[in-house]
Amino acid sequence: MRFKPAMRTWCSGAVLALACAPVLTQAQRDLKPGALVEGPGKSLVQAHCSACHSLALVTQNRGDAEHWTGLIRWMQAEHKLWDLGSAEAPLVEYLATHYGAPANPPRRQPLQTQWREEPD
Ligand code: HEC
C-alpha cells in the first residue's frame, strides 16, 4: 500500500510522539498532571512546593538529591523560597525517589565523533 503524503505525516507524528513520550512508572501514568505519587514526604512537597507555582512544574522535573537540592538553593537565592528546615531532608528524599533521574534516559549518549586532521 502506498502512503499518501498526509498519511505519512500523521504516521511520523505518531512515531515521534511515542519516541518522545517521557519514561513514566505506572503509578505516575495513573495520575493527573501535577498530582503527586503516594509516598512518605508527599504532604511536605504539597505544602512547600505549590505556593508559587503549579506542582506540575515539580512533577515534570527529574533528578537526584543533588539536583533537587540545587533547585531549592536556586529558588531560595532568586525567588524568595523560605528555609525548609527539618522538612528539607524528607522532601528531597521523596523527590529523588519518585522523580529521580531515569535509569534509561530517553536520549542516547552523544556519538564518539573523531574529526579528521586538517590537511597541511
Ligand atoms: C517562594 C516561591 C516558590 C516556592 C515556594 C517554590 N518555588 Fe519552585 N520556582 C519558583 C520560581 C519563581 C520558579 C521559576 C518559574 C519560571 O521560570 O517560570 C520556580 C521553578 C521551579 C522548577 C522549574 C525549574 C526549571 O529548571 O525550570 C522546579 C522543578 C521547582 N520550582 C520546584 C520546586 C520545589 C520542589 C519546591 C518545594 C521545595 C518549590 N519549587 C517551591 C518559586 C518557588
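Since the structure is predicted, the reported quantities are computational estimates derived from the model, not experimental observations.

Colleague: So what's going on with the layout of surface pockets? Which residues, and what values?
Modeller: Rolled over the atoms, a probe sized like a water molecule indicates the empty space that remains. Within this model, the second largest pocket holds a volume of roughly 350 Å³. Lining the second largest pocket are 20 residues, with Cys-49, His-53, Leu-57, Val-58 and Met-75 sitting closest to its centre. Top contributing element to the lining of the second largest pocket by residue count: helix H5 (residues 65-78), with 5 residues. Among the residues making up the lining of the second largest pocket, the classes are represented as 15 nonpolar, 5 polar and no charged.

Colleague: For the pattern of salt bridges, give the residues involved together with the corresponding values.
Modeller: Inspection of every chain in the model, using the stated rule, returns 2 salt bridges. With a closest N to O distance of 2.7 Å, Glu-38 and Lys-42 form a salt bridge. In this structure, the salt-bridge partner of Arg-73 is Glu-88, at a minimum N-O distance of 2.7 Å. Taken as a pair, Arg-73 in helix H5 and Glu-88 in helix H6 (residues 88-98) lie far apart in primary sequence, 15 residues in all. Owing to a relative accessible area of 40%, Arg-73 belongs among the partly exposed residues under this scheme. What makes Glu-88 buried here is its relative accessible area of 14%.

Colleague: Residues and numbers for the side chain of Thr-59, please.
Modeller: Looking at the element boundaries, Thr-59 is found in helix H4 (residues 55-59). Look at Thr-59 and you get buried, because its relative accessible area is 13%. There is a polar contact of 3.4 Å between the side chain of Thr-59 and the backbone oxygen of Ala-56. Among residues more than four places away in sequence, those in contact with Thr-59 are Gly-34, Ala-35, Leu-36 and Tyr-99.

Colleague: Please give an account of the site of the ligand that cites residues and values.
Modeller: Neighbouring residues of the ligand: 18 residues in total, closest Cys-49, Cys-52, His-53, Met-75 and His-79. Between the ligand and the protein, one listed contact pairs a nitrogen atom with a side-chain N or O atom of His-53 at 2.8 Å. Applying the majority rule of atoms within 2 Å of the grid points places the ligand in the second largest pocket. Elements supplying a minimum of two residues to the shell around the ligand: helix H3 (42-49), H4, H5 and H6. The element best represented in the shell around the ligand is H5, accounting for 4 residues. In terms of residue class, the shell around the ligand is built from 13 nonpolar, 4 polar and 1 charged.

Here is what the cut-offs are and how they apply
Residues numbered from 1 in each chain as written. Predicted model: local features only at pLDDT ≥ 70, side-chain atom pairs only at ≥ 80, totals over all residues. Heavy atoms only, no water. 1 Å grid on protein atoms, 1.4 Å probe; cavity = no way out; pocket = protein on both sides within 12 Å on 5 of 7 lines; lining within 4 Å. Points joined across faces, edges and corners; volume = space filled by probe spheres on them. Helix = DSSP H or I, 4+ residues; strand = E, 2+ residues; numbered from the N terminus. Nonpolar A, V, L, I, M, F, W, Y, C, P; charged D, E, K, R; others polar. Salt bridge = Lys/Arg side-chain N within 4 Å of Asp/Glu carboxyl O. Buried < 20%, exposed > 50% of the residue type's maximum accessible area, 1.4 Å probe, protein only. Polar contact = N/O pair within 3.5 Å; in protein donor to acceptor, adjacent residues only side chain to side chain. Contact = heavy atoms within 4.5 Å. Near = heavy atom within 4 Å. Sits in = over half its atoms within 2 Å of the grid points.

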